Every structure is written in structure tokens, then in C-alpha cells.
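# Structural characterization, general
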Amino acid sequence: MSELFDAVDALVSSRSTLPPPAERKRLRQAHGLTLDEVAAALQVRRATVSGWEAGKTEPRPPERDAYARMLKQLAQLYPANAPVPSEDTAVPETPAVPGVPAPSVAEPAQARTEPAERIPEPVSEDTPLRPAAVPHPLATTRPTSRRPPARKAAPVGNPAGGVDARFENGPLAVVDVDADGQVLAYCVGGLVLDVPAKSIPALVEWTLSQGRLGQPKLSGPGKDADLLIVLTKTACEHYGLPVTLTKEERLAGRIPEGHKVIKQLARAEWKLTKRGFGPWARIYRPAQGSERACVQLCIPSWQALDTRHWADAAQLSPAELARLLGTYAARVMTPRGSTAVTGLELMTALHPPTRASEPDATGKRHSEHNPGSLGKDPVDCAPCEAPDGHPLLADLPRFHHRTPAEVLMEEAYDWARPLTDAECLRRHLVGIDVNMAFAAGANGLTVGLGAPTHIKAPVFDAKLPGSWLVDLSHVDLSRVKVAKDTWADLDATLLPSPFTPKGERPQGPAWYATPTVAYAVELGYDVTPVEAWVRYENGRYLDGWYNRLRDAYLATMADLGVGADLSPEEFVEAMDGYRQRDPQLAIVVSAVKATVKGGIGKLRERPRGEGWKPGQPWRALARPTWRPDIRAAVISRTRINMHRKIVKHAAFTGQYPVAVLSDCAVYASEGPSPLDFLPYRDGKPLPGGFKLGVNPGLVKWEGTQTVLWGEGIREQFNAPELNLARYIKDGTVTDVDNGE
């Protein structure tokens, strides 16, 4: 019998014990790990880890032992009773956006009357529905509140106590003054607080001490988001600020240093960042240990909310503006400035530069580099990646024009060609636009994390991010590989080159990012680089950033009635007039898309006045997130993704685009709809080609004009290759590209 007992004991000890599935997920989220990162470490599929966390499957040796070891270490860092952020940057298997419970019609007597229409807050695993706040028993003083009825309980699956008590009133407030002179703070969820502050310094103190505003960190090693206060015109008047800026102040981006409000802040020992008191002023005191004291101000009447991205948000009522910005904050992050600045800050928030180390011999923790981040120190770019005027190029002659063999020129498409005789006989020009194209280009992209290494005569490695000097002029688009052992014969004169933004065929060696060179190999051609700047320290830095923005976009589009599971016909119908269903949510969609493009653009921010001269460093170079190589890689992959779809479509249908602008392609078609020329078999799209749908990387209808319209404006402007994609949306010919 003892032998049987020994066998049972041995069997039990052979399997490492694991915490419950929900705890596994909590521990991963607490450390800021994505499902992809855990899967890569354990050498399993992402869906496998997702199954373990959902309790659908259990790991087996040897992965079980490694998984148990990881969870044990995380449990030591994040005990079960410690507060952890509810955000998760992992990719959901199927983005689900449940409906938001409708608020009660009746309001308590003391509540202010709010508009019936409202932007629903997100209901998802990443951002649980915020229930009505409960007064904190430890607070000695509380701001007077005017609350709407309590909301319904959060749906099953949201973590218990998902709202951080420190930030029970939401991430931001819009401060306004009513007709009676009472200062009010409009928060998310219809909450209105009475504000006793009589000055800007007092307002800052009140929001930090009693406002209970802010947002939990998005990553385990990160920091909580600073709260945002939006000042309306009446609030500016009340606190002694100008309602609008003068021309000189707009050009300077700030009010004068001698303004009385700035003096008030100085006397109260508050500081401003180097950008001063402008439309997005940051007011802070130096951190004391882990305690941060910082408030972000937003002043819409000073043009803080760019109308290209926020439309007429500055004209909304305080309550409506709080709902709009609150929805954006919950799904993306609390705005830190323009959408471009917020896009860049989101990268850092998801991958903080440092983390706490393991305890040393004395039990103390120290700050150390956070693996997978860009670190806290800037790195020099390669000379070919440096834009004109960069200090690395200070020795070049003043009017030297760099050739493709000297500079990396990875930009989005701007290509067009004359219509063929056959295309002129068709009736319509139909534009299709790739959803969130640059976000899709960032998804799964391996980018450099550290400094570049220079190599002579390297062997090309598609897995190694960097810049390569190579001659791709031999790539012949008239015969390309479209599958593993399948070649296609195409009309190369009707196709843009995938290697240049203008679609011209390369004429010799030039610098390209890794995705561009890899595509030449994919098309079936050998490449022989002359030299390269590569980054051996690399990773999928943008994955979490993509996931966050993708989920924000899909959730908001679903709220507007455009779901991810629609058929092509249903999708085209749902997109018709979707912005009119809820104009405020439509603004959120525009802001999310601008966050993508702006964040990528900020990776290579150029000098902005301030007396800069070519060859001198500018402020952005001091950031670890000034990374022109990452920007180039994303744009390269986005352009290649577009060309791959164009080639697949041409090989299958014989149809070629007449114009391509960034993420929009225009085709001549007999019918006015994308359904009239995009190939579908039994309801399924062409593999690798254009597919209608709301997900990033899929396409939507951009606009339709007649062939006569296209030929007419080309003749009118004497421009046979005028890019029709720029004007296909509404047919109005301007020189403005709004990026839609």
C-alpha cells in the first residue's frame, strides 16, 4: 500500500500548482504584460495563454512549470490584496462592445438638468463601467456634488471594485461658471461638483486634494495619469485669464511670463513646464518620492482642441464636452495635449522606461531599465535616418541636396496616372480607404529599441529592424510572386512602385527600411545590400499601443452602429451616415484616428522656431521617443501593405488603381459602390486583397465621382496626373489633404 501512496505523492508533486484562472490574468495585467509577450516567453500561441486565463484549458509540462514559475514571481510582486490597474493591453479574441445601460429618466432634486443625449462610457474588459461614487469615509472635507441617479451595476466579468477610489469622479472635469457666478466642475457620468476655488492656484490645490480626479496607470511599472481640467470661456474670465489669445500670444503659444495668473502660481510655489502657460498648460510641483502633484489644463477657446481632429468640440456645453473627452480618456488615455502629443505619450504610458528592481540585500528596490521600452535616455539615429538640419549633418554644405543614396525616404503614397482608354469608358471612379492604416502597419512590427550598429556588405535579414542601402531597380513588377510557388504577370505601367512614395521605379542604390526590402524578397527577387544600420536590440514596442487604439476605435464604431461582424453589404449600409447617429461619438472616432497618425509623426518631430538654426539640436532630440527609424518602419510597412493588396487585386481581377494617396486608392468601376468591383466568392473576399469591414487594415468606401468629373478637373488644371484620391470624397478640388 505504501508503494501506491508514494506513487500518488509523486504524481501530485510532478504537476506545479497554479492559481485560479482569474488570478493568472490579474497577475499578468498587474505587471503590464500582454498575452503576446507571455506566449512568446513560453513559446506557445497567444490563444493558448488566453485559454489558460479563461479556465478553458490547463497548461501541461514543460510549459506548466515555466508558467507556474512566472506566476509565482508575479504573486510576490503583486499580492492579491494590493490594488492593481484594471486596464489590459492584451488583444481580445473578439472585440465585444456591450451596450451601455440607459440612465434613469428621473433626476434627484439637487441635480442639475443635463441633456438627454449622452456619450456612453465604454463597457469592455479594459475599461469597466464606472458606478456612482460613494463618499470616502476617511475624507474630512468633501466637494459638494450634484449627482445623477446611480448607474446599474457593471456587467458580469468586470473586476470587483473596478473603480479606483482615488479617481472616483473620473479622469477630468470641465470647469464653468453659471449665471449666478457659481463655479461648477462637470465630470463624466453627469456628475457636477461645486468648486470653491477663487484663483487658478486654489483651483489646482482643490482638484488635487478634493476633486478625486485622475486615471490609473495603463501599465504595471507606469504612473497614474495626471488629471485634466478644461476651462470654459466663463471660467477663463472668472480666474483672470484672457478668453482668447492675441496674435502675438498665438504665435508664441503662451501668455506673457508677467501675466498676473503666472505670478499667482509662482507665489504659491507652482511651476510651469518650459512651454509656459499655453492652451495645454501643465502646472506642477517637483515630485516628493512617489507622490506627484501635477494638473493638466486645457483651454478650448485658446484653440487647444484642433478643429481638424476635434471638430466643434470647443462649442459644446460643459456637460457634453466632459462626456466627449471622458469617453476618449477612458478608451485611449487622458489627453496630454494635442492628439499627436497624446499618441506619443500613450506609447510611453504602455511601455514606461523604468521599473522597480527586485529587492536588494537590504530589502530596498531601485529603478532599473524596463525591458521592451525605449529607456529613459535618447539614442542617436543613423546618419541616413537624420532629417535635414540634424546635428549629425552639420558638416554638409549649406545647400547640399541629399540623394536617395544618402537619406532614408520612407513616406506614404502620393501617386496617380492617366486613365487608360478602357477605364475612360467606365462610368465611375470609386475610392476605398484603409481603416486605421498606420495603426495596422504598426501591429506586430518589430522595431529597434536601442542604438543602431553600422555594417558593411550585410546579408539581409527580414527580422532585423534597420535601414539598408540596396539597389532595388531590378525588381520587375510585370512578373511577381503572389504566393509561395505562384507567379503573376501584371501590367507594370499601371502600378506604382512599392519602393518610392511617388511610385517611381528606383534608379539605383537607395536607403530603405526593413519592411520595404523584405517586400522585394517577397515578390521573388534577390537583394544585396551595400551597407546597413541595424538594431540588434529590438522588439514589438508598438503592439500594446496598437491594441489600445484599435479597441478604442472598434468600441466607438460599434456604439455608432458599425460592428465588426457585418457582411460587406451590411457594412456599407451601416457606414452610410454613421456620423450623424451621434455627432459627439463621431468626434471621438476622428480623435482616435488623429492620435494614430499624430503619434507616428511625433516620432520625428521637427524644430518649431525658438531661434533654431540648421546643425543645432532642437528640444525633441532630448526625448527617448524621438525615433525617426520607428516612424520610417511604420510608414514603410503601411505603404507595403497597400501595395500588396493592390497586387493581389490586379492579379485576380486585372483591375489597377488610377490613384493612391496614403491609405486611399481609386479604381475605375462600372458601378458606384465598392461592391461593384471588389471580388467576393460566396461572401468571402480575395485572400490578401481588399476586404470591406471596420477592423484596422480593412477598407471602407471613401467616395464616388464620375469618370467625366475626373477627366474634367485634370483638363481644367492641365494636370493629367492630378491625384484624384485627394478629392474623391466630395469632389471639391482644393489643395488640402485632410488625411481621411
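Residues numbered from 1 in each chain as written. Predicted model: local features only at pLDDT ≥ 70, side-chain atom pairs only at ≥ 80, totals over all residues. Heavy atoms only, no water.

Here the focus is the overall build of the protein. For the protein, the count of helices and strands is 21 helices and 25 strands. The buried share of the protein, reckoned over its 740 residues, is 51%. A separation of at least 24 residues holds for 72% of the contacts in the protein among residues at least 6 apart in sequence. Element-wise, carbon and sulfur atoms account for 53% of the exposed surface of the protein, whose accessible area totals about 34,500 Å². (Helix = DSSP H or I, 4+ residues; strand = E, 2+ residues; numbered from the N terminus. Buried < 20%, exposed > 50% of the residue type's maximum accessible area, 1.4 Å probe, protein only. Contact = heavy atoms within 4.5 Å. Areas by Shrake-Rupley, 256 points an atom, 1.4 Å probe, with all protein chains shown as cover.)

One pass over the full model with this rule turns up 10 aromatic pairs. Centroid distance Trp487 to Tyr525: 6.4 Å. Interplanar angle 75 degrees. Geometry classified as edge-to-face. With Trp487 in strand S17 (residues 486-489) and Tyr525 in the loop between helix H15 (514-522) and strand S19 (531-534), this pair connects stretches of sequence that are 38 residues apart. Using a relative accessible area of 35% as the deciding quantity, one classes Trp487 as partly exposed. Measuring from ring centre to ring centre gives 5.6 Å for Trp612 and Trp618, while their planes differ by 90 degrees; the resulting arrangement is edge-to-face. Classification of Trp612 as partly exposed rests on a relative accessible area of 25%. Taken together, the aromatic side chains of Trp612, Trp618 and Trp626 make up a single cluster linked through ring pairs. (Phe/Tyr/Trp six-rings, centres within 6.5 Å; stacked < 30°, edge-to-face > 60°.)

Strand pairing in a sheet relies on backbone hydrogen bonds. The paired strands run either parallel or antiparallel. The antiparallel open sheet is built from five strands, whose spatial order is S11-S21-S22-S12-S25. Each edge of the sheet is formed by a strand with only one pairing partner; in this case those strands are strand S11 (414-416) and strand S25 (699-706). The average undirected angle you get between the axes of adjacent strands in this sheet is 20 degrees. As judged from the six bridges shared by strand S12 (residues 428-434) and strand S22 (residues 664-669), these two strands associate in the antiparallel manner. (Pairing = 2+ DSSP bridges. Axes fitted to C-alpha atoms, helices over the stretch in contact; angles between N-to-C directions.)

Before going further, it helps to examine the packing of helix H11 (residues 318-331) against helix H16 (residues 543-559). Running from amino to carboxyl end, H11 crosses H16 at an angle of 135 degrees, the nearest separation of the two axes being 9 Å. As the angle between them shows, H11 and H16 are arranged oblique. Across the interface between the two elements, Ala329, Ala330 and Arg331 from H11 touch Arg548, Ala552, Ala555, Thr556 and Asp559 from H16. Of the residues that constitute the contact of H11 with H16, the class distribution is four nonpolar, one polar and three charged. (Parallel < 35°, antiparallel > 145°, perpendicular 65-115°, else oblique. Nonpolar A, V, L, I, M, F, W, Y, C, P; charged D, E, K, R; others polar.)

Taken over all residues, the pLDDT of the protein has a mean of 86, while the share at 70 or more is 86%. Here residues 83-143 is modelled with pLDDT under 50, and outside its nearest four sequence neighbours on either side it reaches 153 contacts, counting other chains as well. Taken together, the stretch residues 736-740 has pLDDT below 50 and engages in 10 contacts with residues farther than four places along the chain or on a different chain. (pLDDT = per-residue confidence, 0-100.)

The subject of this paragraph is the side chain of Asp226. When you line up the elements, Asp226 lands in the loop between helix H6 (200-209) and strand S5 (227-231). Here Asp226 falls in the buried class, since its relative accessible area comes to 6%. A distance of 2.5 Å separates a polar atom in the side chain of Asp226 from a polar atom in the side chain of Arg282. Apart from the residues within four sequence positions on either side, Asp226 is in contact with Arg282, Arg292, Cys294, Thr334 and Arg336. (Polar contact = N/O pair within 3.5 Å; in protein donor to acceptor, adjacent residues only side chain to side chain.)

Evaluation of the coordinates by the stated rule reveals 34 salt bridges. With its nearest N and O atoms 3.4 Å apart, the salt bridge here joins Arg726 to Asp414. Note that Arg726 is positioned in the segment after helix H21 (707-716) and Asp414 in strand S11, a separation of 312 residues in sequence. Its relative accessible area of 25% is what places Arg726 among the partly exposed residues. The class of Asp414 is partly exposed, set by a relative accessible area of 24%. Where Arg535 meets Asp629, a salt bridge forms, and the shortest distance between an N and an O atom there is 3.3 Å. With Arg535 in the loop between S19 and strand S20 (538-539) and Asp629 in helix H20 (residues 628-653), this residue pair connects regions lying 94 residues apart in the sequence. Classification of Arg535 as buried rests on a relative accessible area of 1%. Beyond isolated ion pairs, a larger network of salt bridges with shared partners links Glu385, Arg535, Arg627 and Asp629. (Salt bridge = Lys/Arg side-chain N within 4 Å of Asp/Glu carboxyl O.)

The next thing to look at is helix H19 (residues 583-602). Helix length check: H19 (20 residues) gives 28 Å between terminal C-alpha atoms against 28 Å at 1.5 Å per residue, within 8%. In terms of burial, H19 is a largely internal element, 17 of the 20 residues being buried. (Expected span 1.5 Å × (residues − 1).)

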